[in-house]
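Next come the chains, spelled out residue by residue.
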Amino acid sequence: MFCDLSIVYQPDAAVMAKMLARARAAGYDVVAIDHIVTERLTPKHVNPIPKLLEDISKLKLTGVNTSFTVSDPLSDILGGEREGEAIASTVGAGGIISRGWSGTGGLKVLSRLTLMLNDITMGQCINSCPEATNQYDIVAVQPSNEATLNQAMSSLSIDLIAFDLTKAIPRAFKHQTVQPAKERGIYFEIPYAPAIHGNSCSFFHFTFKLIS
């Protein structure tokens, strides 16, 4: 299965429709629209991606498939459920389906939340605001320091830990650091875009440091 789990959310439906069409043309089977949040989550938080996909479905763009219905659960993509959460199925036009979105051309579109962790209080809101996180198929964090990295590894109910490898990683990884996340089924993400778009020296330096 060919996936891109980080297509950054933009509110412009026409722009996003063309990005999804290009992803399908490039051979992707699954993509995730990534809503990046830099503020603390609250129970009033609203996932904007379903409304975006609804707007896309109303467009009449030449050569762009804009018909979307709900699709496969996260467990089919990442191999497991978020800790403490069972992904509920619902019935839609295609039969028994779940929260992700699928175009009739075969491209499955998931919704993703990425919370930028600047301090541990931002991380705490993930576990205390299921009303916010349960709106998304994938919940990710990007730690910015050692405290938030340790928090993400050990206690947050998340699917992914992402790293900005154009900057120094919070700390050197050791087995005892990574093991709690591994035991909880959390995945690690190394975005490859910086290697293509100009920050390749820093990217490869910190990538080699991360995996060594």
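Structure: see above.
Residues numbered from 1 in each chain as written. Predicted model: local features only at pLDDT ≥ 70, side-chain atom pairs only at ≥ 80, totals over all residues. Heavy atoms only, no water.

With that settled, consider the pairing of strand E1 (residues 3–8). Pairing of E1 with strand E2 (residues 30–37) involves four bridges; the strand directions are parallel. Across the sheet, the residue bridging to Ile7 is Ile33, located in E2. Read from E1 through helix H1 (residues 13–25) to E2, the crossover connection turns out right-handed. (Pairing = 2+ DSSP bridges. Helix = DSSP H or I, 4+ residues; strand = E, 2+ residues; numbered from the N terminus. Right-handed = clockwise from strand over helix to strand, strands pointing away.)

Attention now goes to H1. Between its terminal C-alpha atoms H1 stretches 18 Å, which fits the 18 Å expected from 13 residues at 1.5 Å a residue. Ala13, Met16, Ala17, Leu20 and Ala23 are the residues of H1 that are buried. Within H1, the buried residues cover an arc of 120° as seen down the axis, which keeps them to one side. Turned more than 90 degrees from where H1 packs its buried face, Arg22 and Ala25 sit exposed. (Expected span 1.5 Å × (residues − 1). Buried < 20%, exposed > 50% of the residue type's maximum accessible area, 1.4 Å probe, protein only. Arc of directions from axis to C-beta.)

Turning to the environment of Ile138, a few remarks are in order. Structurally, the position occupied by Ile138 is in strand E8 (residues 138–143). Ile138 gets classed as buried once you look at its relative accessible area, which sits at 0%. For the pair Ile138 and Leu5, spaced 133 residues apart in sequence, the C-alpha to C-alpha distance is 8.8 Å.

Bringing the packing of helix H6 (residues 146–154) against helix H7 (residues 175–183) into the picture now. At a minimum axis distance of 7 Å, the contact between H6 and H7 shows a crossing angle of 40°. Overall, the two elements H6 and H7 adopt an arrangement that is oblique. Within the contact between the two elements, H6 uses Asn150, Met153 and Ser154 and H7 uses Thr177, Val178, Pro180 and Ala181. Considered class by class, the residues forming the contact of H6 with H7 number four nonpolar, three polar and no charged. (Axes fitted to C-alpha atoms, helices over the stretch in contact; angles between N-to-C directions. Parallel < 35°, antiparallel > 145°, perpendicular 65-115°, else oblique. Contact = heavy atoms within 4.5 Å. Nonpolar A, V, L, I, M, F, W, Y, C, P; charged D, E, K, R; others polar.)

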